[in-house]
Amino acid sequence: MSELKLTPEEVAAVKELAEVALALKKGGTLGILKAMTENGDKLLETVAEEKALLRLMGVGNAALEPVRELETAEVREISWNTEELVRALLKALAKTDPKEVPKVGMTAALGYLRDEDVQKGLGFLLTLAKNLGAALNGKL
């Protein structure tokens, strides 16, 4: 077998490729990519047969169109807001057992309004509703 002779540039490229492969392996993506290449036909066949997945892809594609129209500054704001909101939602979900949530009438709801956490959450929802309405009315 002949010896492989690489230029310094080629050695650097191979090293970079190995680093990418290692990162993909650590992240679990390499196995997915390998399975997709080994079973590509079966994967496409499965996707084509799964109507719910096709519908999800259609809805996802529709959701991507407004994302494509975002300005860079908006993407940064949305990314930060999404991260903060998802973090708060996950913490709240971890502390909320749907089976243990009490029924609440109007009097009890008014009582909850004295709680500063309820006030903060309600303030967020009302601000979101105001901004959503403004966007729907073409003001944003």
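In this text the structure is predicted, and so the values were computed from the model without any measurement. (Residues numbered from 1 in each chain as written. Predicted model: local features only at pLDDT ≥ 70, side-chain atom pairs only at ≥ 80, totals over all residues. Heavy atoms only, no water.)

A. Fine view of the overall build of the chain. If you tally the helices and strands in the chain, you get seven helices and zero strands. For a compact globule of 140 residues, the expected C-alpha radius of gyration is about 14 Å, and the chain comes in at 25 Å, more than 25% above that figure. Projected onto its principal axes, the C-alpha coordinates of the chain cover approximately 85 × 40 × 35 Å. Counting all 140 residues of the chain, 1% fall into the buried class. Counting only carbon and sulfur atoms, one obtains 63% of the accessible surface of the chain, whose full area is about 13000 Å². The distance from the centre of the 19 positive side-chain charges to the centre of the 22 negative ones in the chain is 6 Å. (Helix = DSSP H or I, 4+ residues; strand = E, 2+ residues; numbered from the N terminus. Rg over C-alpha atoms; globule rule 2.2 N^0.38 Å. Buried < 20%, exposed > 50% of the residue type's maximum accessible area, 1.4 Å probe, protein only. Areas by Shrake-Rupley, 256 points an atom, 1.4 Å probe, with all protein chains shown as cover. Lys, Arg positive; Asp, Glu negative; His and termini not counted. Charge placed at Lys NZ, Arg CZ, Asp CG, Glu CD.)

B. Quick look at the confidence of the model for the chain. Model confidence for the chain is summarised by a mean pLDDT of 89, while 99% of its residues fall at 70 or above. Summarising per-element confidence for the chain, the mean pLDDT is lowest in helix α3 (residues 40-49) (75) and highest in helix α7 (residues 116-136) (96). (pLDDT = per-residue confidence, 0-100.)

C. Representation of the pattern of salt bridges in the model. Per the counting criterion, the structure on display carries four salt bridges. Between Glu-65 and Arg-68 there is a salt bridge, and its shortest N-O distance comes to 3.0 Å. With a gap of three residues between them, Glu-65 and Arg-68 both fall in helix α4 (residues 51-68), about one helical turn apart. You can call Arg-68 exposed: its relative accessible area is 52%. Residue Arg-87 pairs with Glu-84 through a salt bridge whose shortest N-O separation is 2.9 Å. Here Arg-87 and its partner Glu-84 are both found in helix α5 (residues 72-95), three residues apart, which amounts to about one turn of the helix. Taking the relative accessible area as the measure of exposure, Glu-84 reaches 32% and is therefore partly exposed. Here the salt bridges share partners, and the residues they tie into one network are Glu-83, Glu-84 and Arg-87. (Salt bridge = Lys/Arg side-chain N within 4 Å of Asp/Glu carboxyl O.)

D. View of the packing of helix α1 (residues 8-27) against helix α2 (residues 29-38). Where α1 meets α2, the axes come as close as 5 Å, and the angle between the chain directions of the two elements is 95°. With respect to their mutual orientation, α1 and α2 come out roughly perpendicular. Residues Ala-21, Leu-24, Lys-25 and Gly-27 of α1 lie in contact with α2, whose contacting residues are Thr-29, Leu-30 and Leu-33. Residue composition of the contact of α1 with α2, grouped by class: four nonpolar, two polar and one charged. (Axes fitted to C-alpha atoms, helices over the stretch in contact; angles between N-to-C directions. Parallel < 35°, antiparallel > 145°, perpendicular 65-115°, else oblique. Contact = heavy atoms within 4.5 Å. Nonpolar A, V, L, I, M, F, W, Y, C, P; charged D, E, K, R; others polar.)

E. Expanded view of a nonpolar patch on the surface. A contiguous nonpolar surface patch, about 940 Å² in accessible area, is contributed by Leu-85, Leu-89, Met-106, Leu-110, Leu-113, Leu-122, Phe-124, Leu-125, Leu-126 and Leu-128. Secondary structure elements with two or more residues in the nonpolar patch: α5, α6 (106-112) and α7. No other element matches α7, which puts five residues into the nonpolar patch. The topology assignment puts Leu-128 in helix α7. (Patch = residues over 30% accessible without salt bridge, like charges linked within 9 Å, V, L, I, M, F, W, Y side chains within 5 Å.)

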